[in-house]
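An overview of the molecular structure
Read off the chains here:
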Amino acid sequence: MENFTIHIFGYGETQINSKDLSIKVATSSLSTVNPLVQAIFAKKPTDNISTIDGYHAINLFNYKDVRWMSKGKDVKGFDVKNDEALKPLIDTLIAELQTAKDNIPTEEETV
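This is a predicted model, so every value here is computed, not measured.

Once that is clear, we can look at the pairing of strand 5 (residues 65-70). Note: strand 4 (residues 55-61) against strand 5, six bridges, orientation antiparallel. Within the sheet, the bridge partner assigned to F61 lies in strand 5 and is D65. Turn length for the strand 4-strand 5 hairpin, with the two strands adjacent in sequence and antiparallel, is three residues, and the turn residue N62 shows positive phi of about 55°. Inspection of the sheet shows strand 5 paired to strand 6 (residues 78-81) by four bridges, in the antiparallel sense. Counted as the bridge partner of V66 is V80 from strand 6.

Given below as structure tokens:
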């Protein structure tokens, strides 16, 4: 998939927006978020004091631009640019989000 934005919100939701897929779900319902968050956090600069559970949002702009937005106003976030090692984890999350959308009951199914 190209031209997408994924937001992993610290308050517990994950959202994707693209031409082909748009959905927001509870992060706790996704098994692929934590491995991606851990992989992004592992790219944190050594002088950055962010904590793995202290993010406001993690924003992914396609595969090439990841922005870790720290929760604390005195804690600087960090960016990860052009890291091909994250692509398989991002693709796995996109697939899981697609499955979540495919499993939303239609109006006819809820009546």
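Bringing the packing of helix 1 (residues 33-41) against helix 2 (residues 87-102) into the picture now. Between helix 1 and helix 2, the shortest axis-to-axis distance is 9 Å and the interhelical angle comes to 155°. Our classification of the angle between helix 1 and helix 2 gives roughly antiparallel. Handedness of the helix 1/helix 2 crossing: left-handed. On helix 2, the residues touching V33, P35, L36 and A39 of helix 1 are L89, I90 and L93. Here the residues of the contact of helix 1 with helix 2 sort into seven nonpolar, no polar and no charged.

As a further point, take the sheet that holds strand 2 (residues 13-18). Ordered in space as 3-2-1-4-5-6, the six strands form an open sheet in which the pairing is antiparallel. Because the sheet does not close on itself, it has two edges, and the strands there are strand 3 (22-26) and strand 6. With direction set aside, neighbouring strand axes in the sheet form an average angle of 10°.

About the criteria used
Residues numbered from 1 in each chain as written. Predicted model: local features only at pLDDT ≥ 70, side-chain atom pairs only at ≥ 80, totals over all residues. Heavy atoms only, no water. Pairing = 2+ DSSP bridges. Helix = DSSP H or I, 4+ residues; strand = E, 2+ residues; numbered from the N terminus. Axes fitted to C-alpha atoms, helices over the stretch in contact; angles between N-to-C directions. Parallel < 35°, antiparallel > 145°, perpendicular 65-115°, else oblique. Left-handed = near helix turned anticlockwise from the far one by under 90°. Contact = heavy atoms within 4.5 Å. Nonpolar A, V, L, I, M, F, W, Y, C, P; charged D, E, K, R; others polar.

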